[in-house]
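# Close look at the chain arrangement
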Amino acid sequence: MDFELTEDQRAIQEAARRFAVDKLAPYAAEWDANEHFPADVLREAAALGFAGIYIKGDVGGSEMSRLDAAIIFEELSAGCTSTAAFISIHNMASWMIDRFANEEQRKRFLPQLTTMEKIASYCLTEPGSGSDAAALKTRAVKEGEHYVLNGSKAFISGAGTSDVYVCMVRTGDEGPKGISAIVVEKGTPGLSFGKKERKMGWNSQPTALVNFDNCRVPAANRIGAEGEGFRIAMMGLDGGRINIGACSVGTARAALDEAKSYASDRKQFGKRISDFQASQFKLADMATELEASRLMIRSAAAALDRRDPRATMLCAMAKRFATDTGFNVANNALQLHGGYGYLKDFPAERHVRDLRVHQILEGTNEIMRVIIGREMFRQ
């Protein structure tokens, strides 16, 4: 068991860190304030291999590991949480195509996704089915060489902007075995989008409803066999949970660094805030819990890479712990800034707003506990 990064992983880490410092951090506040989606910067990230991190090389992927991805997303999120998280979603959707599509589909979709010439979104959640994902209602009825889709997907990152939507739809009976995966391309008749949602955070990426009204999609766009969609979705989410946990670690690390710097400069009662034992204890707890989160994320990523049978449980544990910790660290960093932390002049409040949703998406942290409990008693 070696906790040190390899030489290659250190090089990957440095490349991601430099990109975050140069291309993300200087603009994150502006993108947040203006709700700007930086598609041009996403394509610059893709040029470094960050749009197809664990995609096979024959379609332009980087063929890296889940552990490599966790390292990358920690660094990117330290620059801009919202943008890093969107890159994670794009990777998850692309991986589903790479892993489960046939060769014709892989060659048709992935070369443009790995460069982010085209951008991908993942569509599972619906207005009436969030945590109860297997209860989704969007129906796909086979008519000749097409499926006709009717229904809606909710809270979709990239809705209206993305070019490719990896959708979970009902082709059979109620329950998980009636769900299939299909790719819906932008411009398909019957595909439309709701108004852009007004969100607490994650403002550098658009979020909206995706609507299907007699939307005719070629049957050739179905990924995997009918009835395999729910399994595809859940396997994708294992990796998504690692990535979003890594994003929490990266943002919390940035928040901790900023709090340390502020506490070292700010004086009250004739002393630097950092000289007070109460401040030191708070910072010590923040650093300790952050280190534990990083270790859990990397351990779960390694388990996913080696196809450990406990990987799903470990991913749920890591996601639950890292996203709760990330939010708490950012919130405590804001507290150490006092009133200044509440102002948009400092990044502390943006970190808190961006990290809050990590406890909800990719499966709420309550659902993570359900998964962990279920796996514990499956022996």
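Above this text is the structure in question.
Description of the structure in this document. Because the structure is a prediction, the values reported are computed rather than measured.

## Quick word on the layout of surface pockets
Of the volumes computed, that of the second largest pocket is approximately 370 Å³. Considering the residues around the second largest pocket, the lining is formed by 16 residues, among which Asp2, Phe3, Arg298, Ser299 and Ala302 are closest to the centre. If one sorts the elements of the lining of the second largest pocket by residue count, helix H8 (residues 277-305) sits on top with 6 residues. Class assignment of the residues belonging to the lining of the second largest pocket gives a composition of 7 nonpolar, 2 polar and 7 charged.

## Points about helix H1 (residues 7-24)
Given a rise of 1.5 Å per residue, 18 residues ought to cover 26 Å, and the 25 Å separating the end C-alpha atoms of H1 matches this to within 8%. Among all positions in H1, only Gln9, Ile12, Gln13, Ala16, Phe19, Ala20 and Leu24 are buried. Buried residues of H1, seen end-on, are gathered within an arc of 130° and therefore sit on one face of the element. Here the buried face of H1 lies against helix H2 (28-34), helix H3 (39-47), helix H4 (66-79), helix H5 (81-100) and H8.

## Digging into the state of the cysteines
According to the stated counting rule, one finds 0 disulfides in the structure shown. Unpaired in this structure, Cys80 has its nearest cysteine sulfur neighbour in Cys247, at a distance of 10.0 Å. The thiol sulfur of Cys315 is not disulfide-bonded, and the nearest other cysteine sulfur, from Cys247, lies at 14 Å.

## Focus on the packing of aromatic side chains
Within the structure shown, the criterion is met by 7 aromatic pairs. Ring centres 6.1 Å apart and planes at 90° place the aromatic pair Tyr262 and Phe346 in the edge-to-face group. A residue pair is termed long-range when its members are at least 10 positions apart, and Tyr262 in helix H7 (residues 229-265) and Phe346 in the loop between helix H9 (311-336) and helix H10 (348-356) qualify at 84 residues. For Tyr262, a relative accessible area of 13% gives the class buried. Its relative accessible area of 25% is what places Phe346 among the partly exposed residues. Site record: aromatic cluster; members linked through ring pairs are Tyr262, Tyr340 and Phe346. The ring centre of Phe327 lies 5.8 Å from the NZ or CZ of Arg356, which sits over that ring.

## Observations regarding the pattern of salt bridges
Oppositely charged side chains can form a pair if their charged atoms are brought close together. Considering all chains together, one arrives at 29 salt bridges under this definition. Close ionic contact of Glu143 with Arg216 constitutes a salt bridge, the shortest N to O distance being 3.1 Å. You can see Glu143 sitting in strand E2 (residues 139-143) and its partner Arg216 sitting in strand E7 (residues 207-218), a full 73 residues away along the chain. In this structure, Lys195 and Glu197 form a salt bridge, with 3.6 Å as the shortest nitrogen-oxygen distance. On the accessibility criterion, Glu197 (26% relative accessible area) is partly exposed. Salt bridges here are not isolated pairs; linked through shared partners, they connect Arg17, Glu74, Glu75, Arg253, Glu291, Arg294 and Arg298.

Calculation criteria
Residues numbered from 1 in each chain as written. Predicted model: local features only at pLDDT ≥ 70, side-chain atom pairs only at ≥ 80, totals over all residues. Heavy atoms only, no water. 1 Å grid on protein atoms, 1.4 Å probe; cavity = no way out; pocket = protein on both sides within 12 Å on 5 of 7 lines; lining within 4 Å. Points joined across faces, edges and corners; volume = space filled by probe spheres on them. Helix = DSSP H or I, 4+ residues; strand = E, 2+ residues; numbered from the N terminus. Nonpolar A, V, L, I, M, F, W, Y, C, P; charged D, E, K, R; others polar. Expected span 1.5 Å × (residues − 1). Buried < 20%, exposed > 50% of the residue type's maximum accessible area, 1.4 Å probe, protein only. Arc of directions from axis to C-beta. Contact = heavy atoms within 4.5 Å. Disulfide = S-S within 2.5 Å. Phe/Tyr/Trp six-rings, centres within 6.5 Å; stacked < 30°, edge-to-face > 60°. Lys NZ or Arg CZ within 6 Å of the ring centre and 35° of its normal. Salt bridge = Lys/Arg side-chain N within 4 Å of Asp/Glu carboxyl O.

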